[in-house]
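Structural features, examined
The residues making up each chain are set out below.
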Amino acid sequence: MNMLNSIILEGNITRQPELKDFSNGGKVCTLPIAVNRRYKAADGTSQEEVSYFDIDTFGNLADVCSKWCPKGRGVRVVGRLKQNRWTDSDGKAHSRVKVIAEHIEFKPYFKKEGENSTPSDEKEGPTSVFAGDPPATKKQKLAMLAEAAAAAEKEQENGEVAF
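None of these values were measured; they are calculated from a predicted model.

1. Remarks on helix α1 (residues 59-68)
Where α1 is concerned, the buried positions are L61, A62, V64, C65 and W68. End-on view of α1: buried residues confined to an arc of 165°, all on one side of the axis.

As structure tokens, then:
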């Protein structure tokens, strides 16, 4: 029986993604995200906690994420957990859990308040994915989403989601 290992996270990217190439031709892009949780404490006060996760994407999805995931962008990640274990040079055992993305949805990316915006920018809605770029047209936005969806679909078909 195949055990269930599935996770869904929704949060914001906390710093620019890192794209690395492997010697065998593979690629990995690491997206650090912050996920906020709000809850009411026993004393009735509203509380908030933030959890930080490193999301690894591989192959075509890594290329798409390095291109379309600037710091601050919201994402929804569907993936699985992977535990890495190793022993250091002193013989001490270590363990780290990472999230391996199998699908990523991009949230609209808006310019921050105070960035060079004009009334036409605000009417346009989401800007291009990098602050300071001109507003993305609907055609550009659709192209970005199509590129991300095609990369995720291709990897699922080819079984390229590694690690």
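This is not the end of the story, as more comes after the structure.
2. Focus: the pairing of strand β2 (residues 18-21)
Pairing of β2 with strand β3 (residues 27-40), which is carried by 4 bridges, proceeds in the antiparallel orientation. Bridge assignment links E18 to a residue of β3, and that residue is T30. Between β2 and β3, which pair antiparallel in sequence order, lie 5 residues; one of them, G25, sits at a positive phi of approximately 95°.

3. Overview of the nonpolar core
Ranked by size, the top nonpolar core spans 23 residues in total, and within it L31, I55, C65, V75, I104 and F106 carry the most contacts. Of all elements in the fold, only β1 (7-13), β3, α1, β5 (74-87), β6 (93-106) and α3 (138-158) reach the threshold of two or more residues within this core. A per-element tally of this core places α1 first, with 5 residues. With residues near it in sequence (within four places) discarded, V75 still touches L9, E10, G11, I13, I33, C69, I104, E105, F106 and K107.

Each value, and the rule that gives it
- One numbering rule holds for all chains: residues counted from 1, following each sequence as written.
- Under the rules for a predicted model, residues below a pLDDT of 70 receive no local features and side-chain atom pairs below 80 are neither given nor counted, while totals for whole chains, interfaces and linings still include all residues.
- Where side-chain values are given, they derive from all heavy atoms of the structure, hydrogens and water being excluded.
- The buried label applies to any residue whose accessible area, calculated with a 1.4 Å probe on protein chains only, is under 20% of its type's maximum; exposed applies above 50%, and partly exposed to all values in between.
- Secondary structure follows DSSP: runs of H or I at least 4 residues long count as helices, runs of E at least 2 residues long count as strands, and numbering of each begins at the N terminus.
- The directions considered for the arc are those from the helix axis to the C-beta atoms.
- Strands qualify as paired when DSSP identifies two bridges or more between them.
- For the purposes of this section, nonpolar cores are sets of buried Ala, Val, Leu, Ile, Met, Phe, Trp, Tyr and Cys residues that join through side-chain atoms within 4.5 Å.
- The contact criterion used throughout is that any non-hydrogen atoms of two residues lie within 4.5 Å.

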